Amino acid sequence: MTSTLRFLTSGALGTSSFLLLAIAAAVSICPPALAQVTPRLVKDLNAEPSYYSGDFRAIGDTIYLAGYTHASGYELWKSDGTRAGTKLFKELNPGPQGSNPTGFTPVGKTIYFAAHRQDPWTGMELWKTDGTSDGTVLVKDINPETSSNPGNFLSWKNQLLFTANDGTHGTELWKSDGTASGTTMLKNIAPGSGHTEFSEFTPMGGELFFLADAENDAYGTRLWKTDGTPGNTRLVASKKFRSPAGLTTCGDFLYFTARENSTGEWKLWESDGTSAGTVKVTNISLGDLETPQVLRLGSRIIFTVTSGWSNVQLWSTTGTAGKTVQISDAGFLMYFGVFTAAGESRPSLYFSGHDPDHGVELWKTDGTAAGTRLFKDLSPGRGNSYPSRFTVTGGRMYFSAGDNGDGANVLWVTKGTPASTKPLKKFASPISLRNGIGDSLLLEADDGGSLGNEIWKSNGTTSGTVPLTDFMGTADSTYISPSRVDGDKLRFWATPEDSYEEILYETDGTGAGTKELSFLKGDCLAGDMLYFQGINKVSEFYWDFELFTSDGTEAGTKQLKNINTRARGSSSPSDFNALGNLVCFTADDGIHGRELWRSDGTAQGTFMLKDIEPGSRGLTPENFIKAGNILYFTLSSSYRVWRTDGTPGGTFMLVEAGGLKDFEAFGETLVFTQQDSSSSKPLLWRSDGSPQGTFHTDLAPADTNSFTGGVHYFRGRSISYPSEVELWRSDGTAAGTYRVATPGGSLPYYDPGFVAAGDRVVFWIQNSSLYEMWGSDGTEAGTRKLGTFDGIGEQVVGGDDLFFIVADRPDHFQLWKTDGTPDGTGEVPLVLSQGSGLTSVLMQAGKNLYFPVTTDAYGVELHTMAIADLRIPGKGFRAWQEAHHLSGSQVSALAQPFNDGVANLVKYAFFMNGSGPDCHVMPPGSGTNGLPFISTSASPASGNIIRVEFIRRKNSGLVYRPLFSHSLAPGSFQLMNGTPVVTDVDPGRERVIVEHAVDPANDTIGFAVVEVSTE
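So, how was this worked out
- Residues numbered from 1 in each chain as written.
- Predicted model: local features only at pLDDT ≥ 70, side-chain atom pairs only at ≥ 80, totals over all residues.
- Heavy atoms only, no water.
- Pairing = 2+ DSSP bridges.
- Helix = DSSP H or I, 4+ residues; strand = E, 2+ residues; numbered from the N terminus.
- Axes fitted to C-alpha atoms, helices over the stretch in contact; angles between N-to-C directions.
- Salt bridge = Lys/Arg side-chain N within 4 Å of Asp/Glu carboxyl O.
- Buried < 20%, exposed > 50% of the residue type's maximum accessible area, 1.4 Å probe, protein only.
- Contact = heavy atoms within 4.5 Å.

1. Comments concerning the sheet that holds strand E20 (residues 253-259)
The strands making up a sheet associate through backbone hydrogen bonding, with each pair oriented either parallel or antiparallel.
For step 1, the next point in the chain: Taken in spatial order, the four strands make up an open sheet running E19-E20-E21-E22, and their pairing is antiparallel. Because the sheet does not close on itself, it has two edges, and the strands there are strand E19 (242-250) and strand E22 (278-280). Shown here is a sheet whose adjacent strand axes are inclined to one another by a mean of 25°, direction ignored.
For step 2, the next point in the chain: The pairing of strand E21 (residues 266-271) with E22 spans three bridges and is classified as antiparallel. Within E22, the residue paired with Glu270 across the bridge is Val279.

As structure tokens, then:
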């Protein structure tokens, strides 16, 4: 609504001035402080521990790692190996998205890694650190257009070798000395923009060998080597190998395995770094199933030969010039660890071996048949301990193994004797053993308790096996999404972290009133009965999805009817919609395809309403919407609108037409649109559920989008200006259908649709990449932009206000509300703990608003607040109202709370006191509040003039217009002819003086007016 007031003074021109009686009073323009509010946790639905750690590596006495918090995402952390010394080191990409650092690799005193940054944008690129914050910098933005994704980091001859994609040459081999100019491509192996896959970087004799599979170089991988210069990066042999793996050096030779092209069998190869010296060691087949394992043990190469899935033999060779012999057939799950125990002159190989009397246990070999034996039976008897993940650090060898057949999740340690081989700690999940720091081991594991999956450290003792830090204490109930509102209760879905199971909850906003209802989507409350899709577990591998009901008790929760009785058939009921005490849904009985069904809560009252598409294919009913007591729907791959009242006779087609969309219900009326291909104009349809009450009106805009409220509002594009979005309204008649305003922009990519906020309608448009919220009272003047946002989430109505989620930056969300006016639109100031944040989900039930909050204490869980407590700081005229404690009928712009003849808008516009009577005129020349001062004067030089002086607000959303008239006749006031002189008073105010020249012969009486109106 536009509010306009005029302030009038008059008299015979030529009089020195006009005198107005006034009462002066100071004006306060400071709004009261608005208390912030704290959301309340409804219930910690998923209190189980969670995984929160990223890549990490110990370098010297320092651990570099990607640590996670909800506030920063995965960022660069450092640790000295203690919990107190484990801290966020530097936030490379501020905000919750994180920089995801990975690949920590030392070269001299410099640590290289890959990380992602958004502002300024670099994508995933090469970074380095010298251990200080200032020395942690981007090395080079290799691919300015996107990410170069550096990887395969390797320290080589005091420089870093790695792979990257510069956007021109594909993924290739690069090197860096830590400077941008010294970061260059070493070799473009795949011609042009083709990519090369690299693996098995292995140093030997001052050169680095590696495998390279170049794009478009068909049927094989080649062996390459480099000394770190472009000129000496070259092929070792032109031969293409099939699935080469296991590059291992021994003396002056390199060993690896590869498949024969003809048989698929694995063979052992040897290379001295030349093409002629790259030959097979032996013609013994290493099997044709799993990739053989190859490792060095002193002067010998140990490798595996597989015959069948469970028969793994251990062999030894000294190369083409020596002998190749079998040393054991006790292999089973061949995991290896090479360890030289104190007092031993040469290393030994520890592995998981098998024999009938002991199961899979820990074995040891010196590389000969005579020196191969069972080392220790960790799980005595024929039970299996499955030792694996061998890691040596600090004079000890660590590995994971089972304990009495209880999985392989126990951390063990040995010093090379059976007596020193003992368990340290049992974990709840497989253990990932990493590298050492000092004389301790770093590992990643889940203790099954409050910590979740975290980084641990062990010094080889039980008491010294401790967590490095606890990044996050509990798990998320992630993917929280709304289901429905039943009275004051909210139903929502929550998926526990690391699970695909969606659980339906009901809450009244308290922990005690939050309970689990069912485990599958598709619930609907009709009468006192809950209908949903439930599970019959027929066997371990087959589940039957059928119609279930529940009265809220365990005994009253059961399958209502087996609709699809065919063997291994599921009806998979879905699209539940209540019609009084009935429920309508879709199901497939295995005979008619997916059709429309109904149920009254009894087996005999559950049946198919109509075989709409005869045969087993069916046309799935969809786009359900209820208006009054009728349920409307369309059919997939069809342009038909159907209706049902839950009876076979009341289920029939209303209209068949092309281009149907935008279905909305208003009371008992259905409204939708149809694109008329013949006229290129959309048609607005209305239906009361009867054939004769279903008709359309021809509209002018070329495209429509949505409707809301008692009047049908919709957006369109005019035929003349198709790029401009227009706001239209309609009462269903041609005469009552017209354009309201033209906000411009385009229809938004993500569109929450139209929503009524009090007596206004709120809608969205998109302008470039930004989302604009608009509000309208149904008039062009009352259609205003409310705000501009980078991104938007869900929105819900609470009372007369609309609450919505906005993204001020990626993955960072705020709660806003609006009453449909600019002054009534703003962020709701919530108090969240450090590291906490909102998500894009928003729900409402009864007097409460619900939203998932990410916190350090609980992960992602549901929080709530009373709608009455969710307020925004006032601004503009609204802030002035709040400052003067106006309420009820006193708050309108035209109200005169103290019967002094001065309306609120006048007091606001001219800085008058809004907390009591105020009717004074501003003193000329120095006054800063009060009604405009108006005077007249006459002089030979300037003639007769009328002069207006007033103080106006800067950027207030108000329009000040000095007007003049010879009479008080309607429409007689015109703008004064003088040029306004404007001077600053203070940051919020400016003084305006306008002088209007009059004709003394004709203008004997004049009236001066200052008109104030809202934009």
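2. Observations concerning the pattern of salt bridges
For step 1, the next point in the chain: If you walk through the whole model with that rule in mind, you get 23 salt bridges.
For step 2, the next point in the chain: We note a salt bridge from Lys280 to Glu260, for which the minimum N-O separation is 2.8 Å. Taken as a pair, Lys280 in strand E22 and Glu260 in the loop between E20 and E21 lie far apart in primary sequence, 20 residues in all.
For step 3, the next point in the chain: Under the relative-accessibility criterion, Lys280 is labelled partly exposed at 31%.
For step 4, the next point in the chain: The partner of Asp900 in a salt bridge is Lys907, and the shortest N-O contact between them spans 3.1 Å. With respect to class, Asp900 is no different from Lys907; both count as buried.
For step 5, the next point in the chain: Among the ionic contacts, a cluster of salt bridges with common partners joins Arg947, Glu949, Arg991 and Glu995.

3. Some details on helix H1 (residues 876-883)
For step 1, the next point in the chain: The complete set of buried residues in H1 reads Phe877, Ala879, Trp880, Gln881 and Ala883.
For step 2, the next point in the chain: Residues of H1 that are buried sit in contact with helix H2 (904-909) and strand E74 (943-953).
For step 3, the next point in the chain: Phi for His885, located one or two positions after H1, is positive at around 55°.

4. Description of the pairing of strand E47 (residues 582-588)
Residues in a regular strand point their side chains to alternate faces of the sheet.
For step 1, the next point in the chain: Buried residues dominate E47, accounting for six of its seven residues.
For step 2, the next point in the chain: Note: strand E46 (residues 574-579) against E47, four bridges, orientation antiparallel. From the neighbouring strand, Leu579 faces E47, where its bridge partner is Leu582.
For step 3, the next point in the chain: As paired elements, E47 and strand E48 (residues 594-599) share six bridges and run antiparallel to each other. Bridging across to E48, Thr586 finds its partner in Leu596.
For step 4, the next point in the chain: Turn length for the E47-E48 hairpin, with the two strands adjacent in sequence and antiparallel, is five residues, and the turn residue Gly590 shows positive phi of about 85°.

5. Observations concerning the environment of Glu506
For step 1, the next point in the chain: Among the structural elements, Glu506 can be located in strand E40 (residues 503-507).
For step 2, the next point in the chain: Under the relative-accessibility criterion, Glu506 is labelled buried at 7%.
For step 3, the next point in the chain: In this structure, the C-alpha to C-alpha distance between Glu506 and Leu490, residues 16 residues apart in sequence, is 5.7 Å.

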